[in-house]
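A look at the structure
Next come the chains, spelled out residue by residue.
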Amino acid sequence: MNPNPLNDAMSARALTARWVIRGVLKLETAAHLGGENGERVDMPILRDQRSGKPLLPGTTLAGALRSALADWQAGYFQEEPAEVAGLFGGVRGDEDGPQSPLIVFDAIGDLPSGGGIEVRDGVAIEGKFGVAEVHKKYDYEVVPAGTTFPVRMDLLIPAPVAGEYGSQLGEKRLLEWLATAITAFVQGGNGVGAKRTRGLGRLSARWATKRYDLSSQQGWLTWLRTDQRQPFDTDPDQDCIHDALQAAMPAALGTLALAGDARKGVLIDLDLKPAHDVLVRSPGTEPGAADVCHLLSGNTAIIPGTSLAGVMRAHALRIARLVRDGHKDAEQWVDRLFGPRFEGQRPRRGFQPHASRLRVSESNLVGSQPHTQTRVAIDRFTQGVVETALFEEQTQVGGTTKVQLELRDSHDGELGLVLLVIKDLLDGMVPVGGTSSVGRGIVRGSATVTWQDGSGAAPQSARIEPGRSPEGEAAQEIDVAITSFHKAKPLTDATQVDNERGE
């Protein structure tokens with residue numbers, strides 16, 4: 001028996017400082033933090049076993065931070081820069097990778113007052129007819145908007161050790177990477193949980209930080225005497241993590257600077273107003289409620305990103321089939337833009353699934369009013385009322401909403417297809433929600449398109465309104481993008497261009 005069983009263990013890390021970062025993450029939109037399969041719903045959320053409250057695992061938060069930092073430094077869909085491993089450690093499967101100096105703790109959520117876990121319905125829209133597909137309905141739980149998660153991260157500052165990977169990284173460099181990661185995570189629209197490309201999991205944050213000097217015996221004693229669960233009592237009150245870290249930094253470290261933003265993309269901000277009423281179906285849950293109600297989140301009427309993205313995908317397919325009729329590649333364009341669908345079949349060998357390049361936000365309906373309408377079903381043969389087919393629907397009337405679309409690192413022509421869909425949406429030709437056959441869901445409005453080229457140059461924008469030519473410094477780019485879609489080379493394989501670019 002080996003008398004020294006720990007001889008093969010990793011050596012202890014010599015530390016010079018320990019940073020404790022406390023924050024409060026507040027969900028601006030609902031989030032699906034997926035758990036195990038359940039009996040009540042198809043996709044339940046993850047819960048803390050003791051309290052039953054929603055749980056945000058440290059692994060989920062750390063993964064979101066890592067992805068946000070990689071996107072910020074290298075751009076979307078690019079290989080992760082080596083520097084990211086200096087903060088988050090080696091990637092999965094890399095046995096020789098460095099150990100992460102960042103410790104991210106699990107967080108237990110607090111639901112908003114009067115709010116509870118919500119259940120939503122999901123359906124797949126059939127592209128040819130624009131209706132729900134048979135046997136493609138499912139339901140899933142979401143944590144409501146307004147839920148807060150008290151989070152904690154500890155950043156260990158190692159003492160330099162010659163010859164070790166990342167050992168020469170200074171304290172200032174690690175703090176700059178951490179500040180960049182958190183800024184990209186909160187402000188970059190990444191969010192947490194599933195369905196992030198459809199607007200779920202967007203959040204805001206407040207921060208407080210404290211630095212413990214571990215370069216002396218007295219510093220270690222100070223750290224050891226703290227309450228390990230809550231090392232300091234200052235409430236998170238800084239909206240900007242950069243300011244929170246800078247306030248606790250020793251003067252000798254100077255001023256923190258964020259890394260350069262290499263992300264390329266196009267933002268499309270939509271200002272929409274329902275022409276009449278809108279109905280995104282949700283079953284009535286309260287006694288006396290209508291049989292079908294408009295979807296609420298945190299007691300606020302919303303336009304979910306899943307619904308808007310679904311109707312946009314179906315309309316994009318109709319446009320692509322018309323414009324690309326000679327090339328017969330409409331389905332490939334839509335799959336590449338919105339993500340592939342497998343229609344219940346396994347993907348072919350060698351095919352690499354990918355998420356949607358187009359991100360669609362979830363938005364609140366501001367100023368709308370509920371309206372309950374009684375309806376009946378009519379027998380098609382007798383034109384009489386069908387017995388026992390009386391039901392009530394509660395729609396939302398009026399109001400306004402602001403929706404943001406983000407097209408990340410698009411291929412040539414993809415923006416043109418999106419803009420064609422947007423033009424029809426603003427003209428009232430793309431109804432949102434259900435029962436569009438009776439005139440519901442028609443929206444009109446305007447759009448502002450902003451280009452970010454990843455070079456650090458100032459963004460350029462253009463404005464689109466129905467019946468008017470585009471306006472703004474980048475107005476000509478609208479026609480250029482649409483023309484590119486019309487003249488793009490044929491796609492013979494949905495993954496052809498992705499493979500050429502190494503994605």
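Read on for an overview of the structure. Within each chain, residues carry numbers counting from 1 in the order of the written sequence. It should be noted that, the model being predicted, local features are given only for residues of pLDDT at least 70 and side-chain atom pairs only at 80 or more, the latter also being counted only at that level, while totals for whole chains, interfaces and linings use all residues. Here the side-chain values reflect all heavy atoms present in the structure, with hydrogen atoms and water set aside.

The next thing to look at is the pairing of strand E1 (residues 15-27). We call a residue buried when its accessible area falls under 20% of the maximum for its residue type, exposed when it is over 50%, and partly exposed in between, using a 1.4 Å probe and counting protein chains only. Under the DSSP-based scheme used, a helix requires at least four consecutive residues in state H or I and a strand at least two consecutive residues in state E, with every element numbered from the N terminus. Counting buried positions over the 13 residues of E1 gives eleven, a clear majority of the element. Pairing between two strands is assigned when DSSP locates at least 2 bridges connecting them. With eleven bridges connecting them, E1 and strand E7 (residues 148-158) associate as antiparallel partners. Along E7, the bridge assignment pairs Gly 23 with Val 151. Pairing of E1 with strand E8 (residues 203-213) involves eleven bridges; the strand directions are antiparallel. Bridge assignment links Val 24 to a residue of E8, and that residue is Arg 206.

Spatial ordering of the open sheet is given by E13-E14-E16, a layout of three strands whose pairing is antiparallel. Each end of this open sheet is capped by a strand with a single partner; those strands are strand E13 (296-297) and strand E16 (363-364). Two elements, strand E14 (residues 300-303) and E16, share two bridges in a ladder whose sense is antiparallel. When the bridges of E16 are listed, Ile 302 appears paired with Asn 364.

Moving on, we come to the packing of aromatic side chains. Between the rings of Phe, Tyr and Trp (Trp by its six-membered ring), a pair exists once the centres lie within 6.5 Å; its type follows the angle of the planes, with under 30 degrees stacked, over 60 edge-to-face, and the other angles tilted. Taken as a whole and assessed by the stated rule, the structure comprises three aromatic pairs. With a centroid separation of 6.4 Å and an interplanar angle of 55 degrees, the aromatic rings of Tyr 76 and Phe 77 are classed as tilted. For Tyr 76, a relative accessible area of 5% translates into the label buried. Aromatic side chains Tyr 212 and Trp 223 sit 5.1 Å apart centroid to centroid with 65 degrees between the ring planes, which places their arrangement in the edge-to-face category.

Strand order in the open sheet formed by five strands is E15-E19-E9-E20-E21, and the pairing between neighbours is antiparallel. Each end of this open sheet is capped by a strand with a single partner; those strands are strand E15 (358-360) and strand E21 (460-464). Strand-to-strand, the axes of this sheet are offset by a mean angle of 20 degrees, without reference to chain direction. Where strand E9 (residues 265-274) and strand E19 (residues 401-408) come together, eight bridges link them in antiparallel fashion. Across the sheet, residue Asp 271 finds its bridge partner in E19, namely Lys 402. What makes two residues a contact is simply this: any of their non-hydrogen atoms within 4.5 Å. Lines fitted to C-alpha atoms define the axes here, with helix axes fitted over just the stretch in contact, and angles between the N-to-C directions of these axes take values from 0 to 180 degrees. Seen against the sheet, helix H6 (residues 305-323) touches E15 and E19 and runs at an angle of roughly 135 degrees to E15.

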